[in-house]
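# A structural walkthrough
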Amino acid sequence: MLGEWNGTYNYSEKIQLKYGKKGETGFTIVITEFDGVHFKGTVQDDLETGGTPGQGTIQGTLKNGTLYFVKKMPVYSSFTKSGEKKLFPVEHPPIHYIGHENENGTFKGEWKIKRRIIFKRIPSINKFLFGLGRKTTGTFKMSKS
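As the structure is a computational prediction, the values presented were derived from the model and not from experiment.

Moving on: the pairing of strand β1 (residues 3-11). As paired elements, β1 and strand β2 (residues 25-34) share 7 bridges and run antiparallel to each other. Residue T8 lies in a different strand from β2, and its bridge partner there is G26. The sheet contact formed by β1 and strand β12 (residues 136-144) spans 7 bridges and is antiparallel. Opposite Y9, over in β12, you have F140 as the bridge partner.

Below, the structure is given as structure tokens:
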């Protein structure tokens with residue numbers, strides 16, 4: 001598990017149709033700690049394919065070929081009703097990934113952001129962000145570099 005992994009994620013068909021977000025978004029994960037089950041590392045989305053800016057963290061487990069991790073990004077991104085991506089200078093809600101290992105050592109699976117109430121203070125402009133975040137889902141795949 002240790003080392004660099006490259007992957008892509010897609011939004012669910014429902015999100016693609018509603019907000020016009022199509023295509024794969026690339027990401028790179030670097031696993032820095034692994035004890036045989038638990039792991040930690042960093043993640044960077046590819047901005048040119050629509051990723052969220054900033055270096056995030058991941059923490060998860062690998063058991064019996066099932067990969068589970070939580071991705072945390074330093075910037076909150078959301079789509080407006082017109083399909084534009086909007087960024088806020090607060091931490092993004094956790095993104096939960098679960099996947100299964102294929103024979104060739106790659107992983108494929110699903111990710112989700114749980115429905116939530118968003119209430120965060122944005123210190124840089126001394127205002128609050130308040131809203132109801134929607135459940136968002138999609139698929140991903142990743143392989144070792």
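From this point, the discussion proceeds with the structure in view.
In the structure shown here, the tally under the stated rule is 10 aromatic pairs. For the ring pair Y11 and W111, a centre distance of 5.4 Å and an interplane angle of 85 degrees mean the geometry is edge-to-face. Residue Y11 is located in strand β1, and its partner W111 is located in strand β9 (residues 107-113); the two are separated by 100 residues in the primary sequence. Per residue, the accessibility class of Y11 equals that of W111, and both read buried. Among the aromatic residues, those joined into a cluster by ring pairs are Y9, Y11, F27 and W111. Over the ring of F27 we find K71, and its NZ or CZ is 5.8 Å from the ring centre.

The topology assignment puts S12 in the loop between β1 and α1 (13-19). Leave out the neighbours within four places in its chain, and S12 touches T137 and G138.

Mapped onto the elements, I29 comes out in strand β2. You can call I29 buried: its relative accessible area is 1%. For I29 and I58, which are 29 residues apart along the polypeptide, the C-alpha to C-alpha distance reads 8.2 Å. Sequence-distant contacts of I29, that is, excluding residues within four places in its chain, are made with G3, E4, W5, T42, V43, I58, F69 and M142.

Among the secondary structure elements, K85 is positioned in strand β7 (residues 85-88). Measuring from C-alpha to C-alpha, the distance between K85 and G51 comes to 9.9 Å, with 34 residues separating the pair along the chain. What K85 contacts, discounting residues up to four positions off in sequence, is G50, G51, T52, S77, S78 and F79. At 2.5 Å, the side chain of K85 and the backbone oxygen of G50 are in polar contact. One polar contact links the side chain of K85 to the main-chain carbonyl oxygen of G51, over a distance of 3.3 Å.

Here the focus is the pattern of salt bridges. Considering all chains together, one arrives at 2 salt bridges under this definition. With a closest N to O distance of 2.8 Å, D45 and K71 form a salt bridge. Placement of D45 in strand β3 (residues 38-45) and of K71 in strand β5 (residues 66-72) is noted, with a sequence separation of 26 residues between them.

Attention now goes to the sheet that holds β9. Across a sheet, strands are paired by hydrogen bonds formed along the backbone, either parallel or antiparallel in direction. On the basis of which strands lie adjacent, the closed barrel formed by 8 strands has the order β1-β2-β3-β4-β5-β8-β9-β12 and antiparallel pairing. For this sheet, the mean inter-axis angle between neighbouring strands, taken without regard to orientation, is 30 degrees.

The subject of this paragraph is unusual backbone geometry. The phi torsion of most residues other than glycine is negative, and most of the peptide bonds are trans. At N64, a residue that is not glycine, the phi angle is positive and equals roughly 50 degrees. Assignment of secondary structure puts N64 in the loop between β4 (55-63) and β5.

Conventions used here
- Residues numbered from 1 in each chain as written.
- Predicted model: local features only at pLDDT ≥ 70, side-chain atom pairs only at ≥ 80, totals over all residues.
- Heavy atoms only, no water.
- Pairing = 2+ DSSP bridges.
- Helix = DSSP H or I, 4+ residues; strand = E, 2+ residues; numbered from the N terminus.
- Phe/Tyr/Trp six-rings, centres within 6.5 Å; stacked < 30°, edge-to-face > 60°.
- Buried < 20%, exposed > 50% of the residue type's maximum accessible area, 1.4 Å probe, protein only.
- Lys NZ or Arg CZ within 6 Å of the ring centre and 35° of its normal.
- Contact = heavy atoms within 4.5 Å.
- Polar contact = N/O pair within 3.5 Å; in protein donor to acceptor, adjacent residues only side chain to side chain.
- Salt bridge = Lys/Arg side-chain N within 4 Å of Asp/Glu carboxyl O.
- Axes fitted to C-alpha atoms, helices over the stretch in contact; angles between N-to-C directions.

Remember that the coordinates give geometry; whether it matters functionally is a separate question.
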